[in-house]
Amino acid sequence: MELLSLSFSNFKRSVREYGMLILSLTFSIFVFFNFQSVIYSESMDVLENYNKEYIDIIVQSASVVFGVFLFFFIWYASNVFLNQRKKEIGIYIFMGLDNVRIGKMYMLESVFIGLFSLFAGIGTGVLFSKLFQMLLLKLSDISVDIKFSFSWEAILITAGMFLVIYGLMTLKSYHTLKTSSVLNLLSGAKQQEMQKEKWIITFLKIAGGVGILLFGYYLAWDTGDINSLGNALGAVVLVIVGVYLLFSGLIPAILRKLSGNKYYLYKKERTLWVNNLAFRMKKNYRTYAMVTVLMICSVTVMAISIAMKQRYEKITHFDQTYTYQVLSSEEKNGEEIAKGIEQENKVKFWNEMQVVMVEPSVVHSKYTYTAYGLVSFSDVKQAAKKAGLPFDYKELKDKQAIELSHEVLMDLSGDADENYKQKIGSETYDVIKADNTPYFGALQNDTKIFILSDKTFESLKNLGSITYFYNYRIKNMKNMEASRAYLNTLAQSSEDGQAFTGVNYTQIDGRQDSWIRVMYSLCIFMFVTLVLAAGSIIFLKIGNEVYEDKERYKTLEKMGIQKKSLRKSVRNEICFTYYCPFVLMMITSYFSVKALGNVMREDLFMVNIWSMGIILLVFTVICAISVYTAKKKLSLIS
């Protein structure tokens, strides 16, 4: 009972001392729980019409990634927490406690912290689950009514995942304490000074780190074709290894060089903090590498979110170029159809084109499409003018063609703008451009169409059958159903199927692609979580170091060093800890975002800048809190 009472007393003190650890665990549980609520909550059943199965798969995938991240975060946090407690726990031996009882006491304290974080995370998750789902759907631009719903499945999965991971870490710490010596406990929190390496080992680490990073950057840059996935995977592995080697080789070498340069060291009171950084680099370089990788991931995740949003908007705009499209094997009066539509809707514009639909055997394409078509240059030019679409081409020569493509979410097929040869019928044509302007709207997604010169088009009419396209865009897209009754009267087909008239209606609710919108919204939450996790790791590390430095700073103050100098030393050391990984992240994230932009066919440079700006702001705030907290714990604030 006394052991339980002592453990609970230590826990109450830990809530104040290690608030950042508890807050980080609570926030992680909060996010994970809300991910599960999206899947299991009855309030989200309204998404059945929005491909909820796909959304569930995406959320589950994000949960797995988040769970793996949480495992390593709890592992690191548990180690920091144990190191901070070792010296205090070691003193209990002199009070008559053996290692087993000390281990049990620590385990009970850890259980209190874990349960407190778990209940706080799930509690806030339940309270704010509706707000989380509303925010998620708002970011996804999905308009549905969300009701508050309580899900035991989400609670059990969240609690089970956390308790398994946290329990394993607690048992590991218990085993460490049970088998530790008194000397190890009393000095466990202290980090040994980094031993001076042989210059050849340092050189190999630096050369290897720089070389591996540069090769990783090269693979990241060389994306946008069929090898993109392999290059991206290789780049990820190489960047992680390169970052690790740089922080284990280059950064320590620079600090040792600076600490040995008296002209640098003795200026602006750098002696204390530069030597202190060099003193601690033996173990801290792993933390720097981990934080750098987390920040790179966070920037990349944000870039994925914005890129998917931009691609989705372009795809939506592409598909909604026209509201109605009437296709007929016989020539119709487009003006009469427009008048019929205007009985219920005001027509914003309309156009018409003749397309020769041909069999796949006529067009020897390397890709398979539902249909293939040929259209004249003048028809497309006139239709583009009416629809307000760009068409900045000079008259095509008889042996030239323009391929009409469509917007895609990701493109691994390579550069579509390169000239290539295309055989149509018995002749070969030079394709001068692959254009994804929606001249044929949504029908352009599944139909491979080539624009030819008027003369060439007339000569190839005999290769297939002519289909007349009549495209209409109304002013009020939300009222499109009002004209469906009239347009359905136009649809007909002869018994032999040779004569037909069909109508294609655009999709304005975006239900088929709603999973894309949910995915880029989830990426925003992942970005926030990763940034806060990176900041939390540094915050915990600094708290551990401040715990070690208490006696040293008291001694320095007694030796006559002014508090002003000590405060400056603390500030500079902590700022270096936050901003050193940030600098390497800035360089590396440029290549990761550039690679993503190549695959998504988007310019993400400004996204990269904004993401780094957000991280810089968050790190600056956490850094200021760290500096204030450290000064307060070291009694440097008057």
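Reading guide: rules and limits
Throughout this description, residue numbers start from 1 for each chain and increase along the sequence as written. Selection of residues for local features in this predicted model requires a pLDDT of at least 70, selection of side-chain atom pairs for listing and counting requires 80 or more, and totals for whole chains, interfaces and linings are taken over all residues. With hydrogens and water excluded, all non-hydrogen atoms of the structure serve as input to the side-chain values. Each helix is a run of DSSP H or I of at least 4 residues and each strand a run of E of at least 2, with the numbering of both proceeding from the N terminus. Buried residues are those whose accessible area, probed at 1.4 Å on protein chains only, stays under 20% of the maximum for their type, while exposed residues exceed 50% and partly exposed ones sit between those limits. Residues are treated as being in contact if the distance between any of their heavy atoms lies within 4.5 Å. Where accessible areas are quoted, they stem from the Shrake-Rupley method and a 1.4 Å probe; at the residue level, only the protein chains shown are allowed to cover. If DSSP finds at least two bridges between two strands, the strands pair. Directions drawn from the helix axis to the C-beta atoms are what define this arc. Buried Ala, Val, Leu, Ile, Met, Phe, Trp, Tyr and Cys residues that are joined via side-chain atoms within 4.5 Å together make up what is termed a nonpolar core. One number per residue, pLDDT, summarises how confident the predictor is, and it ranges from 0 to 100. The axes are straight lines fitted to the C-alpha atoms, using for helices just the contacting stretch, and the angles between their N-to-C directions are given from 0 to 180°. Any angle that is under 35 degrees is reported as roughly parallel, and any over 145 degrees as roughly antiparallel; angles of 65 to 115 degrees are reported as roughly perpendicular and all others as oblique. By definition, turning the near helix anticlockwise from the far helix through less than a right angle yields a left-handed crossing, and turning it clockwise yields a right-handed one. Classification used: nonpolar for Ala, Val, Leu, Ile, Met, Phe, Trp, Tyr, Cys and Pro, charged for Asp, Glu, Lys and Arg, polar for all others including Gly. Think of it this way: Lys and Arg go in the positive column, Asp and Glu in the negative one, and His and the chain ends go nowhere. In the sections that follow, a salt bridge refers to a side-chain nitrogen of Lys or Arg positioned within 4 Å of a carboxyl oxygen of Asp or Glu.

(A) Molecular detail of the overall build of the protein chain. Looking only at helices and strands, the protein chain features 18 helices and 10 strands. Classification of the 638 residues of the protein chain by burial places 51% in the buried group. Sequence-distant contacts, at least 24 apart, represent 85% of the contacts inside the protein chain between residues at least 6 apart. Accessible area for the protein chain stands at about 31100 Å²; split by element, carbon and sulfur atoms hold 60% of it.

(B) Looking closely at the pairing of strand β2 (residues 347–358). The buried fraction of β2 amounts to 9 of the 12 residues, a majority that puts the element mostly inside the structure. By the bridge criterion, 10 bridges tie β2 to strand β8 (residues 465–474) in an arrangement that is antiparallel. Residue pairing across strands places Met357 opposite Ser465, the latter belonging to β8. When β2 meets strand β3 (residues 371–376), the two strands line up antiparallel, connected through 4 bridges. Residue pairing for β3: Val356 is matched across the bridge by Leu374.

(C) Just helix α5 (residues 129–139), in detail. Residues of α5 that are buried include every one of Ser129, Phe132, Gln133, Leu136 and Leu137, and no others. The arc that holds every buried residue of α5, seen down its axis, measures 125°, which confines them to one face. Seen from the buried face of α5, the exposed residues on the opposite side, beyond 90 degrees, are Leu131 and Lys138.

(D) Representation of the nonpolar core in the model. Counting residues in each nonpolar core, the largest one holds 113 residues, and the members touching the most others are Phe247, Tyr578 and Ile615. Of all the elements, helix α16 (residues 514–558) adds the most residues to this core, at 20 residues. Each residue touching Phe247, except ones within four places of it in the same chain, is listed here: Pro252, Met281, Tyr285, Tyr288, Ala289, Thr292, Cys580, Pro581 and Leu584. Val355, Met357, Leu389 and Leu396 belong to the second largest nonpolar core, which has 22 residues in total.

(E) Summary view of the confidence of the model for the protein chain. Confidence in the prediction of the protein chain, expressed as mean pLDDT, is 79, and 79% of residues score 70 or more. Of all secondary-structure elements in the protein chain, the lowest mean pLDDT belongs to helix α7 (residues 182–187), at 57, while helix α13 (residues 377–387) reaches the highest, 94.

(F) Highlighting the packing of helix α4 (residues 99–127) against helix α6 (residues 152–178). In contact at an axis separation of 9 Å, α4 and α6 are set at 160° when each is read in the N-to-C sense. In this view, α4 runs roughly antiparallel relative to α6, as classed from their interaxial angle. Pair α4 / α6 crosses with right-handed handedness. Tallied by class, the residues present in the contact of α4 with α6 amount to 17 nonpolar, 7 polar and 2 charged.

(G) Seen up close, the side chain of Asp379. Assignment of secondary structure puts Asp379 in helix α13. Of the side chains with opposite charge, Lys461 lies nearest to the buried Asp379, which makes no salt bridge, at 8.0 Å. Discounting chain neighbours no more than four positions away, the residues touching Asp379 are Met353 and Gln354.

(H) Representation of the sheet that holds β3. Taken in spatial order, the 10 strands line up as β5-β6-β4-β7-β3-β2-β8-β1-β10-β9 in an open sheet, and their pairing is mixed. Strand pairing shows two members of the sheet lacking a second neighbour, β5 (420–424) and β9 (492–493), which therefore form its edges. The strands touched by helix α12 (residues 334–341) are β1 (324–328), β2 and β8; relative to β8, the strand with the most contacts, the crossing angle is about 35°. Where α13 meets the sheet, its contacts fall on β2, β3 and β7 (447–452), and the angle it forms with β2 comes to roughly 160°.

(I) Main features of the packing of helix α8 (residues 199–221) against helix α17 (residues 563–600). Their axes nearest at 8 Å, the elements α8 and α17 cross at an angle of 25°. Regarding the angle of α8 to α17, the classification is roughly parallel. Residues Leu213, Tyr217, Ala220 and Trp221 of α8 form the contact with α17, whose participating residues are Leu584, Ile587, Thr588, Tyr590, Phe591, Lys594, Ala595 and Asn598. For the contact of α8 with α17, the class distribution of residues is 9 nonpolar, 2 polar and 1 charged.

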